[in-house]
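These are the residues of each chain, in order.
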Amino acid sequence: MNADATDDAATHAAAPHTGAPHTGAPHAGSAHVDSAQPGATDGDGADAAPVPAGLDATALAAASAPTSPARSPTGDAPDDDRTAPTGPDGSPVAPLSTPWTADVDPDDPLPEHPRPHLIRGDRWRTLNGRWEFTAAARDGEPHGREEIVVPFPPEAALSGIGRRVERMWYRRTFDVPADWRGDRTLLHFGAVDQVATVWVNHQLVARHEGGFTPFSVDITDVLRADAPQDVSTDGRVDGEQEIVVRAEDTGNRGTFPVGKQANRPGGILYTGASGIWQTVWLEAVPHTRIDRLDVTPDLTGFTVTAVVADAAHHRGGPDRRGPEATASEATASGATGSGEPTDARDVSGAREPDIAAVVEVEAAGVTVTGGAERPVRVELPSPRPWSPDDPHLYEVTVRLRTTGGAVLDQVHSHVGLRTIGLVPDAEGRPRIALNGRITFLHGPLDQGYWPDGIYTAPTDEALRHDLEQAKTYGFNTVRKHVKVEPARWYHWADRLGLLVWQDIPSLPIVLDNPPGPQAPPVGRARARFEEELAGIVATLRSVTSLVVWTPFNEGWGEYDTARITERLMAADPERLVVADSGVNCCHSHPDSGAGHVYDDHTYVGPGRPLATDHRATADGEYGGLGLAVDGHLWPGEPVAYEMTGSAEELTRRYVEVARELRTVVRDLGLSAAVYTQTTDVENEVNGLLTYDRRVVKVDRDAAAEANRAVIEAGSE
């Protein structure tokens, strides 16, 4: 979102219905809608007092100032550490609940398989649930031992903690199913923010940096062999294995990518999430196994490379993840560091030798064989392309065999056949083309925040819900804004049929600085950003729906734009790259000319970027129309780029802006547009839905009709 604190009339369009200069600043308005009024939940509501459309030049600075909403105090935490009020029993209570809050089972939250793009069978188990938890207070002394519900971050009410924590320890015991003996046991973490150190049975097994990439470690050789052999009725041995995780997170005062997380949230910056925030799980694997699948589709088939690991060797390092990538460190006492794209690495840096094995790929009745760690090409009969209108996925089975034919490992995945690129339209303007056909990308800005779980959706149904809403509103795209989601989010985008525009989480920035480029981040921050970028690209490389990368947004933490963009394009040449989304505003550096798409941010907009070189054009952000619905607001002053006084007025304005966008598309050959945003987020009230997902603010039918008209105008 636009982060300028002063008027920038040269690059920001006037509000369409007033012609007044527009600063791009969220408006701290006072017009609310009482959700108890008839029709509020289906887009209707009574008119409130009109709110002036013009915005003063200090609105964003005030909205983005480092202040916190009022918090309810507790006896053991300073008021400004508390991120959720407490109930009568002292337990944290979310300021807003969602329809799924009550569905969370603290003993078994988010039980679904966390890696749907590579499933080995049923020999896995989640470690989500209740863990012992100890946090260091500001003076360094630990709080008393508590209980936390993993994988919700401690800032989330659903975690049972409800306060900001920078240094914390997790502990639990676990068992290993009896039938896993003879195989290797991997311990997986979906994401831990920002530095994780892991011990199993008092042995240091892993250290990982970066809060947006998964990591894994082979813990087989540190498991206790003398654990009791009494097997319970469910076939598991009593929990005699111990795991301890220390997490350290300095938030946006540190040198890690953070996106919109802030130690002192307000305006367009939100509550931070520290520690474990994605699923922790165990998996039984063969000694020689498929560690990762890199899949590249086109319109007649796909190419897959099976990355293989062997328990006899430590995994290799940087070149497993892409050019110049630096692997996270892992150490173990007799354990093997191995893992997901953010590989654990042998501290010696030794490379694993080639493994003599055969890879067999099966899809749609076709079976092809090839070498391990070599591209295997699969041509499909009567290929059926993947698209938002027909999100057809092929189920894929990959087997690893010995040269004699014995099966070493077998995994299941899926792939959709699609291409993305640029083609000239009838007037010679570069346009985005899906499957060779000019297709307008239209979708909401999606922040991925939850009032009950903060960074973690309460349930898988909730995670899917927001994507389903985008489809219901007639969109074909969703922009994931400076956050990376769990693998299941991308799984649902693949299956529901939504093109994904993926931002790389940004480094910390001060938003109320004067507009224009800021000094480059310090060296350690730059190194960490590039490590995280490489890991994210490797992690998401095989996601069918992902078609656009954005390394920088509005200049937040921007540096070496052309070099970073070229590196990203080299690491993933099959997707489009927006070098700096919102290059026309805020803290962006001068346009580098790099990448495939020139991207304009204009509020309320729409912007009118012109194609002047090889790049297509996009309105990377526009809209931001607001409505505050009483009873569904986060603590603090509601803000938006333009406030409306009723659901009817909001819907009318939405349709008006969409009509103007359609004109821009037709006149200028615009290729994409992203509306701000899917839901309200904390104090921002410019969502299509309220933050708790309980109230539909913009009428679905009217908006869907307008959105489909825009897509049709920009597609062939």
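Heads up: the structure comes first, above all this text.
Residues numbered from 1 in each chain as written. Predicted model: local features only at pLDDT ≥ 70, side-chain atom pairs only at ≥ 80, totals over all residues. Heavy atoms only, no water.

### Focus: the overall build of the protein
- Within the protein one finds seven helices and 42 strands.
- A buried classification covers 63% of the 716 residues belonging to the protein.
- Contacts in the protein between residues far apart in sequence, at least 24 positions, make up 70% of those at least 6 positions apart.
- For the protein, the exposed area adds up to about 24,000 Å²; of that, 50% sits on carbon and sulfur atoms. (Helix = DSSP H or I, 4+ residues; strand = E, 2+ residues; numbered from the N terminus. Buried < 20%, exposed > 50% of the residue type's maximum accessible area, 1.4 Å probe, protein only. Contact = heavy atoms within 4.5 Å. Areas by Shrake-Rupley, 256 points an atom, 1.4 Å probe, with all protein chains shown as cover.)

### Let's talk about the packing of helix 2 (residues 460–472) against helix 7 (residues 700–713)
- Their axes nearest at 9 Å, the elements helix 2 and helix 7 cross at an angle of 70°. Here helix 7 runs roughly perpendicular to helix 2, going by the angle between their axes. In this structure, helix 2 uses Gln469, Lys471 and Thr472 to contact helix 7, whose residues at the interface are Arg700, Ala704 and Arg708.
- Tallied by class, residues from the contact of helix 2 with helix 7 come to one nonpolar, two polar and three charged. (Axes fitted to C-alpha atoms, helices over the stretch in contact; angles between N-to-C directions. Parallel < 35°, antiparallel > 145°, perpendicular 65-115°, else oblique. Nonpolar A, V, L, I, M, F, W, Y, C, P; charged D, E, K, R; others polar.)

### Observations regarding the side chain of Thr83
- Among the secondary structure elements, Thr83 is positioned in the loop between helix 1 (59–63) and strand 3 (124–126).
- Here Thr83 falls in the buried class, since its relative accessible area comes to 7%.
- From its side chain, Thr83 meets the backbone nitrogen of Arg163 in a polar contact 3.3 Å long. (Polar contact = N/O pair within 3.5 Å; in protein donor to acceptor, adjacent residues only side chain to side chain.)

### Comments concerning helix 7
- Between its first and last C-alpha atoms helix 7 spans 20 Å; for 14 residues at 1.5 Å apiece the expected length is 20 Å, and the two agree.
- Buried within helix 7 we find Ala703, Ala704, Ala706, Asn707, Ala709, Val710 and Ile711.
- Its buried side turned inward, helix 7 meets strand 29 (441–446), helix 2 and helix 6 (647–668).
- The N-capping residue of helix 7, defined by a side-chain oxygen 3.3 Å from the backbone nitrogen of Asp701, is Asp699. (Expected span 1.5 Å × (residues − 1).)

### Brief notes about the environment of Pro142
- Relative to the assigned elements, Pro142 resides in the loop between strand 4 (129–135) and strand 5 (146–150).
- Sequence spacing of Pro142 and Arg167 is 25 residues, and the spatial spacing of their C-alpha atoms is 9.2 Å.
- Non-local contacts of Pro142, meaning those with residues more than four positions away in its chain, are made with Thr134, Ala135, Ala136 and Ala137.

### A look at unusual backbone geometry
- Asp193 connects to Gln194 through a cis peptide bond whose omega is 0°.
- On the secondary structure map, Gln194 appears in the loop between strand 8 (192–193) and strand 9 (195–200).
- For the peptide bond that leads from Gly605 to Pro606, omega is 10°, which places it in the cis range.
- Of note, Pro606 is situated in the loop between strand 36 (597–601) and strand 37 (616–623).
- Of note, the phi angle at Asn435 is positive, near 55°, even though the residue is not glycine.
- With respect to the helices, strands and loops of the structure, Asn435 is situated in the loop between strand 27 (430–434) and strand 28 (437–438).
- One non-glycine residue, Arg693, lies in positive phi territory at about 65°.
- Note on placement: Arg693 falls in the loop between strand 42 (672–676) and helix 7.

### Examining the pairing of strand 36
- Within strand 36, four of the five residues are buried, which leaves the element mostly enclosed by the surrounding structure.
- Two strands pair when backbone bridges link them, and strand 36 and strand 37 are joined in this way by five bridges, in the parallel orientation. Counted as the bridge partner of Tyr598 is Thr617 from strand 37. (Pairing = 2+ DSSP bridges.)

### A few points about the pattern of salt bridges
- Evaluation of the coordinates by the stated rule reveals 51 salt bridges.
- Of the charged contacts, one joins Asp221 and Arg184 as a salt bridge, the two residues approaching to 3.0 Å between their closest N and O atoms. Of this pair, Asp221 sits in the loop between strand 11 (215–218) and strand 12 (241–248) while Arg184 sits in strand 7 (residues 184–189); the two residues are 37 residues apart in sequence, bridging distant segments of the chain.
- The exposure class of Asp221 is partly exposed, given its relative accessible area of 42%.
- For Asp298, the salt bridge goes to Arg377, with nearest N and O atoms at 2.9 Å. On the criterion of sequence distance, the pair formed by Asp298 in the loop between strand 17 (288–297) and strand 18 (301–310) and Arg377 in strand 23 (residues 376–379) is long-range, its members being 79 residues apart.
- Residue classification places Asp298 among the partly exposed residues on the basis of a relative accessible area of 23%.
- The class of Arg377 is partly exposed, set by a relative accessible area of 29%.
- Beyond isolated ion pairs, a larger network of salt bridges with shared partners links Glu132, Arg145, Arg171, Arg224 and Glu242. (Salt bridge = Lys/Arg side-chain N within 4 Å of Asp/Glu carboxyl O.)

### Re helix 2
- The end-to-end C-alpha separation of helix 2 is 18 Å, in line with the 18 Å expected for 13 residues at 1.5 Å each.
- If you check which residues of helix 2 are buried, you get Asp460, Ala462, Leu463, His465, Asp466, Leu467, Gln469 and Ala470.
- The first or second residue beyond helix 2 is Gly474, which carries a positive phi of 85°.

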